[in-house]
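Now for the letters of each chain:
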Amino acid sequence: MRAWEKNFRKVEPYVPGEQPKLDTMIKLNTNENPYPPAPGVLQAMKEFDVDKLRLYPDDKSDILVGALADYYQVDKNQVFVGVGSDDVLGMAFLSFFNSDKPILFPDITYSFYQVWANLYKIPYETPALDENFRIKKEDYTKENGGVVLANPNAPTGIYEDLTFIEDILQHNQDVIVIVDEAYVDFGGKSAIELIDRYENLLVVQTFSKARSMAGMRIGYCIGNKDLIKVINDVKYSYNSYTMNQTSIYIGVEAVKDEAYFRENLAKIMEERERTIVELKKLGFTCTDSKTNFVFAKHKTVPAAELLEMLRKQNIFVRNFASNPRISNYLRITIGTREEMDSLFTAIQEYIM
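Bear in mind that the values here come from a model prediction, so they are computed numbers and not experimental data. (Residues numbered from 1 in each chain as written. Predicted model: local features only at pLDDT ≥ 70, side-chain atom pairs only at ≥ 80, totals over all residues. Heavy atoms only, no water.)

Q: Tell me what's going on with the overall build of the chain, and back it up with residues and numbers.
A: Looking only at helices and strands, one finds ten helices and 13 strands in the chain. For the chain, the C-alpha radius of gyration of 21 Å lies close to 20 Å, the compact-globule estimate for 352 residues. Dimensions of the chain along its principal axes, counting C-alpha atoms only, are 60 × 55 × 50 Å. A burial count over the chain gives 54% of its 352 residues as buried. Put simply, of all contacts in the chain between residues at least 6 apart along the chain, 73% involve residues at least 24 apart. Surface accessibility of the chain: about 16700 Å² in total, with carbon and sulfur atoms responsible for 49%. Side-chain charges of the chain comprise 41 positive and 51 negative groups, with the mean position of each set lying 4 Å from the other. (Helix = DSSP H or I, 4+ residues; strand = E, 2+ residues; numbered from the N terminus. Rg over C-alpha atoms; globule rule 2.2 N^0.38 Å. Buried < 20%, exposed > 50% of the residue type's maximum accessible area, 1.4 Å probe, protein only. Contact = heavy atoms within 4.5 Å. Areas by Shrake-Rupley, 256 points an atom, 1.4 Å probe, with all protein chains shown as cover. Lys, Arg positive; Asp, Glu negative; His and termini not counted. Charge placed at Lys NZ, Arg CZ, Asp CG, Glu CD.)

Q: Account for helix α10 (residues 337-351), naming residues and giving values.
A: Taking 1.5 Å of rise per residue, the 15 residues of α10 would be expected to cover 21 Å, and the 21 Å separating its terminal C-alpha atoms lies within 8% of that figure. Listing the buried residues of α10 in full gives Met 340, Leu 343, Phe 344, Ala 346 and Ile 347. What you see down the axis of α10 is that its buried residues fit within an arc of 160 degrees, all on one side. Summarising the geometry of α10, the exposed residues directed more than 90 degrees from the buried face are Glu 338 and Glu 349. Considering only its buried residues, α10 is in contact with α8 (258-281), β9 (284-286), α9 (303-312), β11 (315-316) and β13 (330-333). (Expected span 1.5 Å × (residues − 1). Arc of directions from axis to C-beta.)

Q: Residues and numbers for the packing of aromatic side chains, please.
A: Considering all chains together, one arrives at 22 aromatic pairs under this definition. Ring geometry for Tyr 56 versus Tyr 241: centroids 4.6 Å apart, planes at 15 degrees, classification stacked. Taken together, the residues Tyr 56 in the loop between α1 (39-47) and α2 (62-72) and Tyr 241 in the loop between α6 (225-236) and α7 (245-256) connect sequence positions 185 residues apart. With a relative accessible area of 36%, Tyr 241 lands in the partly exposed category. Pairwise contacts between aromatic rings join Tyr 14, Phe 93, Phe 97, Phe 105, Tyr 110, Phe 112, Tyr 113, Trp 116 and Tyr 124 into one cluster. For Arg 211, the ring lying beneath its charged end belongs to Phe 261, and the centroid distance is 3.9 Å. The ring of Tyr 35 is capped by Lys 267, whose NZ or CZ atom sits 4.0 Å from the centre of that ring. (Phe/Tyr/Trp six-rings, centres within 6.5 Å; stacked < 30°, edge-to-face > 60°. Lys NZ or Arg CZ within 6 Å of the ring centre and 35° of its normal.)

Q: Please provide a residue-by-residue account of the sheet that holds strand β2 (residues 79-82), values included.
A: Paired through their backbone hydrogen bonds, the strands of a sheet run either parallel or antiparallel. As summarised here, the arrangement of the seven strands in space is β2-β8-β7-β6-β5-β3-β4, forming an open sheet in which the pairing is mixed. Either end of the sheet is taken by a strand with one partner, and the two such strands are β2 and β4 (124-125). With five bridges joining them, strand β7 (residues 201-206) and strand β8 (residues 219-223) adopt antiparallel strand pairing. If you follow Val 204 over to β8, its bridge partner there is Cys 221. Its contacts with the sheet place α2 against β2, β7 and β8, and it is angled at close to 130 degrees to β2. The strands that α6 touches are β2, β7 and β8; relative to β2, the one it contacts most, it runs at about 30 degrees. (Pairing = 2+ DSSP bridges. Axes fitted to C-alpha atoms, helices over the stretch in contact; angles between N-to-C directions.)

Q: Run through empty space enclosed by the protein, naming residues and quoting values.
A: As enumerated under the stated definition, the model contains one cavity of 30 Å³ or more in all. Of the volumes computed, that of the largest cavity is approximately 80 Å³. The wall of the largest cavity is formed by Pro 37, Ala 38, Val 41, Ala 210, Arg 211, Ser 212, Met 213, Ala 254, Asp 257, Tyr 260, Phe 261 and Asn 264. Here the element with the most residues in the lining of the largest cavity is α8; it accounts for three residues. (1 Å grid on protein atoms, 1.4 Å probe; cavity = no way out; pocket = protein on both sides within 12 Å on 5 of 7 lines; lining within 4 Å. Points joined across faces, edges and corners; volume = space filled by probe spheres on them.)

Q: Tell me about helix α4 (residues 112-119), residues and numbers included.
A: Looking at α4, one finds that the buried residues are Phe 112, Tyr 113, Val 115, Trp 116 and Ala 117. Tucked into the core, α4 has its buried residues touching α3 (84-96), β4, β5 (146-150) and β6 (177-180). Phi for Lys 121, located one or two positions after α4, is positive at around 55 degrees.

Interpretation note: all reported values are geometric properties and have no functional meaning in isolation.
Written as structure tokens, this is what we have:
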């Protein structure tokens, strides 16, 4: 080893879903929305003044923060925006988890949590989900340095109601509790309504899933104004301009069109339920998803075999082979009706 290598910060990085470069494919592996953003977003892009790109953006992202504050009926000082919810979560880890006590998050959940903990040298423990992939709330009553829960959880898709979340909060009033709600709009109820009762609660959401803007990279969190100030202080300590001009401007338009937003959610949830029915006919078991994906295991055909077969037909789904508990499951994003029919046909022809 060269002498200077001993000072490298070495971490096992997060591995995102594959981004295939094909002209024709059915992409059901990264939980993107199959429908375009709201019409107002397209119009805003057409009208955007390109000359603004020579100027630094508003470091406070004021119009976007204001739009989100109005939408959720909270004060502007209770909202923080970042470059996707990953940026927001990463800054929250850096901001709030600085004790010598371990933070807690499930053994099966969004795998980036472990990466951030290792990157920032945060001690952590991962209580095991039960045999039905549900969080055991009694595992979160012991002394800790903070709690992080994805709700609905990923990649299982399982949602816990707010009574459950509130029980966790009541047992963890001396630490920050982060609820990551990337998928909550697909059938869950947001914990945002709890933030005025629990000053230690931070709720994180994203434009990537329900608002069809994964390529724009907009995330946000809502919580007590003191928590938001701390995150802003951390942000300004390394990068004042995290949001670009276009994401701030276009993000506002995405928030405005509630009717279009609800229409797309309804279509995806309806297709999700149809997908579960069809997969069960083909011999799969599925978790009770409240997301824009299903988590499914076939009774006889290994997930790796199905993954490869579908890949050869340019249908991309995701498998988590590195985790023994879920290595035989496929996570399948809900696409359009036509895309899902193609998936069903491919599986049926292979297994029948």
